[in-house]
Amino acid sequence: MKKLLTLLLALTLLLTLAACYSSGPIPIPTPTPAAPTIPNLPDPPAPLTIPVGTLNGNTGVAAAWLMAEAQHGNTHDTYNFEVFTAPDQVAAALLSGQVQIAALPTNVTATLYNRSEGMIQMAAIVAYGVLHILENGDEIHTIEDLRGRTIHTTGEGAGPEFILNHILTQNGLIPGVDVHIEFHPNEALASLMAAGQIDLSMMPEPMVTSVLAQNDDVRRALDMTTEWDNIGDGTQLVMSSVVVRTDFAEANPEAVGRFLTLLEQSIAETVQNPAEVAALIAEFGIIPSAAIAERAIPGCNLTFIAGRDMEPAITGYFEVLYAADPASLGGAIPDANFYLILP
């Protein structure tokens, strides 16, 4: 009887094992996924408050869009813009540290660099030439047509005079002999031309557009940037720049880089959307009238050149100014350290 019970128990065990194997694979519990590892990202750079100086007129046109973005809090850093009326005011503000970044005519930038022993550097070129010859009439279509005529202009002993003389000379005309030149203050020149009291003048934007708006008989006869290019010597007429204090750039290269990126965008917005940006130009007092600003933007010949492209773009122009008068550059053509090259 014991043997029979043992046999029955063994048989039951075998049947139970068979039933277990026939029920399919034993389920394996799904492991709980591990929480993803988040990399340690660097903290964003702390925003800076940067005072920036610009000039009314053509030199400040490039920055108007950026000024509005800063005013609306759309920039990482805070930019406190101040609009000046004369280059010497901007130069004084840079030297004193009142502003860290500023817009200036390129020859003034070179002079300030030389006389301050490198206290500032050129950070970008923002405009080619802005000078145009206006005529009350329709006789001037080439430089040769200026022979025997009197040109009324501004900038005696400065960039405009040297630019005019270079273009005349390279076209076979002797300044003061073949072409008579008379100099006037900016406002007086604009008033004379608008009133029809003179028939031929050379002046910068936005004065050009302002005169054209006041006198329908006056026309834009020659673009001096185009005439400079027509000389064909490979040099470029570049008249407006943005500079930065050297000590600020050394301490804050990333902040300077952020500013230049926004400035390049500002120039692109100005060229592509002149009507919208013209309203900002007038709002900030760079040019009094939005209508004048919109018409003047094309004649301002805006561009953006930075880094290692600056020196080859402007060296030829500096050589022309130096040959005319070394004092126009502060006594020397700037060396390589003049150009800000960000890491």
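Quick look at the structure, then. This one's a predicted model, so the numbers in the text were calculated from it and none came from an experiment.

Conventions adopted
- For every chain, the first residue of its written sequence is number 1, and the numbers climb from 1 along that sequence.
- In keeping with the predicted nature of the model, local features appear solely for residues at pLDDT of at least 70, side-chain atom pairs appear and are counted solely at 80 or more, and the whole-chain, interface and lining totals rest on all residues.
- Calculated side-chain values reflect all of the structure's heavy atoms, with hydrogen atoms and water omitted.
- Strands are runs of DSSP state E lasting at least 2 residues, helices are runs of H or I lasting at least 4, and numbering of each runs from the N terminus.
- Burial classes follow relative accessibility: with a 1.4 Å probe on protein chains only, a residue under 20% of its type's maximum area counts as buried, one over 50% as exposed, and anything between as partly exposed.
- Throughout, a residue-residue contact means that at least one pair of heavy atoms, one from each residue, lies within 4.5 Å.
- Method remark: on a 1 Å grid restricted to protein atoms, a set of points is classed as a cavity if a 1.4 Å probe fits but cannot get out and as a pocket if it is open with protein on both sides within 12 Å along at least five of seven lines; lining residues have an atom within 4 Å of a point.
- Grid points are joined across faces, edges and corners, and a volume is the space filled by probe spheres set on the points.
- Basically, the charged four are Asp, Glu, Lys and Arg, the nonpolar ten are Ala, Val, Leu, Ile, Met, Phe, Trp, Tyr, Cys and Pro, and anything else, Gly included, counts as polar.
- Any two strands are treated as partners once DSSP identifies two or more bridges connecting them.
- Every axis in this analysis is a line fitted to C-alpha atoms, fitted for helices over the stretch in contact. Angles between the N-to-C directions lie between 0 and 180 degrees.
- Any angle from 65 to 115 degrees is called roughly perpendicular, while one under 35 is roughly parallel, one over 145 is roughly antiparallel, and all others are oblique.
- For a crossing to be left-handed, the near helix must be turned anticlockwise from the far one by less than a right angle; the clockwise case is right-handed.
- Think of it this way: a Phe, Tyr or Trp ring, Trp meaning its six-membered ring, pairs with another when their centres are within 6.5 Å, and the plane angle makes it stacked under 30 degrees, edge-to-face over 60, tilted otherwise.

The next subject is the overall build of the protein chain. Summing up its helical and strand segments, the protein chain has 14 helices and 11 strands in all. A total of 343 residues make up the protein chain; the buried ones form 47% of that total. Contacts in the protein chain between residues at least 24 apart in sequence constitute 78% of all its contacts with a sequence separation of at least 6.

Right, let's get into the layout of surface pockets. Looking at the largest pocket, its volume works out to about 1200 Å³. For the lining of the largest pocket, the element with the most residues is helix H5 (residues 106–115), which contributes six residues. Of the residues in the lining of the largest pocket, the class split is 22 nonpolar, 18 polar and three charged.

Quick look at the sheet that holds strand S6 (residues 150–153) now. Strand order across the open sheet formed by five strands is S7-S6-S8-S5-S9, with mixed pairing between neighbours. Each end of this open sheet is capped by a strand with a single partner; those strands are strand S7 (180–183) and strand S9 (218–223). Pairwise comparison of adjacent strand axes, ignoring direction, gives a mean angle of 30 degrees for this sheet. Bridge count between strand S5 (residues 131–136) and S9: five bridges; the pairing is antiparallel. When the bridges of S9 are listed, Leu134 appears paired with Arg220. Where helix H6 (residues 159–170) meets the sheet, it contacts S5, S6, S7 and strand S8 (200–204), and its direction lies at approximately 170 degrees from that of S7.

Cis geometry marks the peptide bond from Glu205 to Pro206, where omega comes out at 5 degrees. Its location among the elements puts Pro206 in the loop between S8 and helix H8 (207–214). The phi dihedral of Asn301 is positive, around 50 degrees, even though this residue is not glycine.

Contact geometry for H6 and helix H9 (residues 224–231): axes closest at 10 Å, N-to-C directions at 45 degrees. Judged by the angle between their axes, H6 and H9 are oblique. Regarding H6 and H9, the two cross each other, and that crossing is left-handed. Residue-level inspection shows Ile163, Leu164, His166, Ile167 and Gln170 of H6 in contact with H9, the latter providing Met224, Glu227, Trp228 and Ile231. Across the contact of H6 with H9, the residue classes break down as six nonpolar, two polar and one charged.

What follows covers the environment of Met203. The topology assignment puts Met203 in strand S8. C-alpha of Met203 to C-alpha of Leu131: the two residues are 72 residues apart in sequence and 5.4 Å apart in space.

This part is about the packing of aromatic side chains. Enumeration according to the criterion identifies seven aromatic pairs in this entry. Geometrically, the ring pair formed by Tyr113 and Phe338 is edge-to-face, given 5.1 Å between the ring centres and 65 degrees between the ring planes. Taken together, the residues span a long stretch of sequence, with Tyr113 in helix H5 and Phe338 in the segment after helix H14 (310–324) at a distance of 225 residues. Both residues of the pair, Tyr113 and Phe338, count as buried. Grouped by ring-pair contacts, the aromatic residues Tyr113, Trp228, Tyr317, Phe318, Phe338 and Tyr339 constitute a single cluster.

Turning our eyes to something else, we now look at empty space enclosed by the protein. Here the structure, examined in full by the defined rule, presents one cavity of 30 Å³ or more. Estimated volume of the largest cavity: approximately 80 Å³. Val52, Gly53, Thr54, Thr59, Ala62, Ala63, Phe81, Ala102, Ala103, Val242, Phe259 and Leu263 are the residues that line the largest cavity. Contributing elements (two or more residues each) for the lining of the largest cavity: strand S1 (49–55), strand S3 (101–105) and helix H11 (253–272). The greatest single-element share of the lining of the largest cavity, amounting to three residues, is contributed by S1.

Ordered by their spatial adjacency, six strands build an open sheet running S2-S1-S3-S10-S4-S11, and the pairing between neighbours is mixed. Strands with a single pairing partner mark the edges of an open sheet, and in this sheet they are strand S2 (78–84) and strand S11 (302–306). Between one strand and the next, the sheet's axes are offset by a mean angle of 25 degrees, whatever the strand orientation. Relative to S3, helix H4 (residues 87–96) is tilted by about 145 degrees, and along the sheet it contacts S1, S2, S3, strand S4 (120–128) and strand S10 (238–245).

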